[in-house]
Amino acid sequence: MNIQLGHEALVHSKKQLASGTYLHNAWYVAAWSQDIAPGKLLGITILKEPVVIYRMADGKLAALEDRCAHRFAPLSMGAIVGGDKIQCPYHGLEYDTSGMCTLNPHGNKHIPPRARVRSYPVTEKHKAIWIWMGDKPADHSKIPDFGVMDNQPELHTTKLDKIMVKANYELVIDNLLDLSHTSYLHAGILGNQDTVESEINVDQDGEDIVVSRYARAGEPPGMNKLMWPDVPSKVDKFTRIRWMAPSTLRLVTGVCRPGETPEQGSGYHAIHLLTPENDGSTHYWFTAVRFGVFSKGDELNRQIQEKVAATRRFAFEEQDAPVIEAQQRIIDNSQTAVDPLILAIDVGPVRYKQVLKRLIAAEQAP
Ligand code: FES
Ligand SMILES: [Fe+2]
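What you are looking at is a predicted structure, and each value in this text was computed from that prediction instead of being measured.

Novice: Requested: an account of the side chain of N104, with residues and values cited.
Specialist: Counting through the fold element by element, N104 comes out in the loop between β8 (101-103) and β9 (119-120). Relative accessible area serves as the criterion here: at 13%, N104 is assigned to the buried category. Reaching out from N104, the side chain makes a polar contact with the backbone nitrogen of H106 at a distance of 3.0 Å. Among all residues touching N104, those that are not within four sequence positions of it are L93, K109, H110 and I111.

Novice: Hey, could you go over the coordination of the iron ion (ligand 2) for me, with residue numbers and the actual values?
Specialist: At the metal site, the iron ion (ligand 2) is ligated by H181 (NE2), H186 (NE2), D320 (OD) and D320 (OD), and these contacts range over 2.1 to 2.3 Å. Around the iron ion (ligand 2) sit four donor atoms; with metal-centred angles ranging over 57 to 145°, the donor geometry is irregular. Sequence positions of the residues that donate to the iron ion (ligand 2) give the spacing H-x4-H-x133-D. In this pair, H181 is assigned in the loop between α2 (169-177) and β13 (199-205) and D320 in helix α4 (residues 298-333), connecting sequence segments 139 residues apart. With respect to burial, H181 and D320 carry one shared label: buried.

Novice: Please set out the packing of α2 against α4 residue by residue, giving values where relevant.
Specialist: At a closest axis distance of 10 Å, the pairing of α2 and α4 adopts a crossing angle of 130°. Taken together, the axes of α2 and α4 are oblique relative to one another. Note on packing geometry: the crossing formed by α2 with α4 is right-handed. Of the residues in α4, those touching α2 at L171, V172 and N175 are D320, I324, Q327, Q328 and I331. For the contact of α2 with α4, the per-class residue count stands at four nonpolar, three polar and one charged.

Novice: An account of the nonpolar core is needed here, citing residue identities and associated values.
Specialist: In this structure, Y28, I53, I131, L177, W243 and Y284 are the most contacted members of the largest nonpolar core, which totals 75 residues. Residue contributions to this core reach at least three from each of two domains, namely domain 1 (39-121) and domain 2 (147-364). Non-local contacts of W243, meaning those with residues more than four positions away in its chain, are made with I173, L177, E207, D208, I209, T248, L249, Y352, V355 and L356. Y54, C101, A115 and V117 belong to the second-largest nonpolar core, a separate cluster that totals 16 residues.

Novice: Provide a residue-level description of the sheet that holds strand β2 (residues 42-46), including the pertinent values.
Specialist: Taken in spatial order, the four strands make up an open sheet running β2-β3-β4-β9, and their pairing is antiparallel. The open sheet has two edge strands, β2 and β9, and neither has a second partner. Note: strand β3 (residues 49-55) against strand β4 (residues 61-65), five bridges, orientation antiparallel. Residue pairing in the sheet places V51 in a bridge with E65 of β4.

Novice: I'd like a description of α2, backed by residues and values.
Specialist: Burial analysis of α2 places nine of its nine residues in the buried class, which makes it a mostly covered element. Listed as buried for α2 are Y169, E170, L171, V172, I173, D174, N175, L176 and L177. Among the residues of α2, the N-terminal cap falls to N168, whose side-chain oxygen and the backbone nitrogen of E170 are separated by 2.8 Å.

Novice: Can you break down α4 residue by residue, with the values?
Specialist: Given a rise of 1.5 Å per residue, 36 residues ought to cover 52 Å, and the 51 Å separating the end C-alpha atoms of α4 matches this to within 8%. Along α4, the sharpest change in direction is near 40° and occurs at A321; proline P322 comes one to four residues later.

Rules and cut-offs
Every chain begins its residue count from 1, and numbering advances along the sequence as written. Each chain is given a letter, starting from A, and each ligand a number, starting from 1, according to the order in which they appear as written. With the structure being a predicted model, the display of local features is reserved for residues of pLDDT at least 70 and the display and counting of side-chain atom pairs for 80 or more, all residues being used for whole-chain, interface and lining totals. Only hydrogens and water are set aside; all other atoms, that is, all heavy atoms of the structure, feed into the side-chain values. Secondary structure elements follow DSSP: runs of H or I of four or more residues count as helices, runs of E of two or more count as strands, with numbering from the N terminus. Under the scheme applied here, a residue whose accessible area is under 20% of the maximum for its type counts as buried, over 50% as exposed, and between as partly exposed, the area being computed with a 1.4 Å probe on protein chains only. Polar contacts here mean pairs of N or O atoms no more than 3.5 Å apart (in protein, one a potential hydrogen donor and the other a potential acceptor; neighbouring residues in sequence count only if both atoms are side-chain atoms). We call two residues in contact when some of their heavy atoms are within 4.5 Å. Each metal's donors are the N, O and S atoms within 2.8 Å of it, or within 3.2 Å when it is Na, K or Ca, and because water is not part of the set, sites may look incomplete. A four-donor site is called tetrahedral if each angle lies between 85 and 135 degrees; a four-donor site is square planar, and a six-donor site octahedral, when trans pairs exceed 155 degrees and the remaining angles lie between 65 and 115; all other cases are labelled irregular. In this analysis, axes come from line fits to C-alpha atoms, helices being fitted only over the stretch in contact, and the angle between any two N-to-C directions falls in the range 0 to 180 degrees. Each angle gets one of four labels, with under 35 degrees taken as roughly parallel, over 145 as roughly antiparallel, 65 to 115 as roughly perpendicular, and the rest as oblique. Note on convention: the crossing is left-handed when the near helix lies turned anticlockwise from the far helix by less than a right angle, right-handed when the turn is clockwise. Residue polarity follows a fixed list, in which Ala, Val, Leu, Ile, Met, Phe, Trp, Tyr, Cys and Pro are nonpolar, Asp, Glu, Lys and Arg are charged, and the others, Gly among them, are polar. For our purposes a nonpolar core is just a set of buried Ala, Val, Leu, Ile, Met, Phe, Trp, Tyr and Cys residues, chained together by side-chain atoms within 4.5 Å. Residue ranges labeled as domains rest on an automatic or database domain assignment. A pair of strands is labelled paired if DSSP reports no fewer than 2 bridges between them. Working rule for helices: expected span equals 1.5 Å times residues minus one. Two axes enter the bend calculation: one fitted to the seven residues ending at the residue in question, the other to the seven starting there, and the bend is the angle between them.

Below, the structure written as C-alpha cells:
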C-alpha cells in the first residue's frame, strides 16, 4: 500500500513530537547476547524500570526488577547464589527467578508475602537479548525479524556496538526514518549532494512502516567506496528502511551500476535497535551485515569490517547524537508549543507515529 497523507493527518502529527509514552506489551532489546557472560549481573533501566538480567546455571536468561523489596538496593550489585538465585548486596535476602524471596537470613527467618520483586520474560534471538515489559503473556511471534543477523560469515558482520543518546527515542526513530539527513549531516560518508534528489516511497506492511529512497547515477558516498574498492564513478544508490514497532529498524542500503538491480549491487543491512531508558534517554545498539561483497581476501575484508564499524559509530555518535540531543534540549526548554514544520521527507516519521500511537492507545484502553 502506497501512502498519501491528508492535511488532517499532518496536522494531527504535529502534536505527537517526542510524546514520552511507551508500548509495554512488546519486546525491547536489553543487550547483545555476548554482553551477558555467565556469572554477570547486568543492571539496566528500560522504560524507566530498573531491571537486572543474568544467566542461570544452564545458560538461560532471567530478568528481575532491580530493586530489592526491603530497602530498594539494586540486586545487580549483589551476587548469583546457588546457580539461579540473586542475593541482595545489602542485607542478604535471596530471590529466585520468579522474583519470590526464598531466604530471609534474619530473625525467625519468616518471609513476608511482600518480599518479592517483579520478573520479566526474557529471551535471546538474532544475537540480542529481548525483554517483554508488559503484563500480558509474552508473544514470541512479535520479536522483530532480524534474521539477516543469523548465520553470516564472521567477517561480514561489524562490531556489535552501542551508544547512549540523551534524547527521547522518538527523535532517534525520526532521524532513521528520514534518511535525507545523510546528504547533510553525514555528507561524504553516508550521503552526498547526489543523493538529495531521491525518489521516496512510503509503504505500510502490516504494522511496519517502510521508507525507500532511490537516487540515480550519482557519485557513490564514502562508505560505498570503502566497501566496493573498484566501485564505478556513477552508481544508483538505494536505501530501504523498515520500522518495526515499537522501536527497532532494519535498513538495506547500497549502490549498484546504473540501471542494475539492488540485488546486483553491494551494500549492507544496517541494524538499529532502540530501547527507551526514560523519556529523555535512549539505548542505541547497532551493527551492519554486508551483502554483495566484491572485496576479495580475509585481510582486506577484516580492514573493511573495522573501518565500516568505526565510520558508522562516528556518524551516529559524533554527527547524529549531538544534533538529536540538541533538539531534545530545545524542545525541553521551549516556552511555546512545539509544532514542527512537516516536509515531504517526513511522511515516514509521521506514519510510524500514527501506528505507534494507535498501538499504545489500544494497550491503554480499559
Ligand atoms: S535492601 Fe535488600 S536485603 Fe535489605
Ligand atoms: Fe544519521
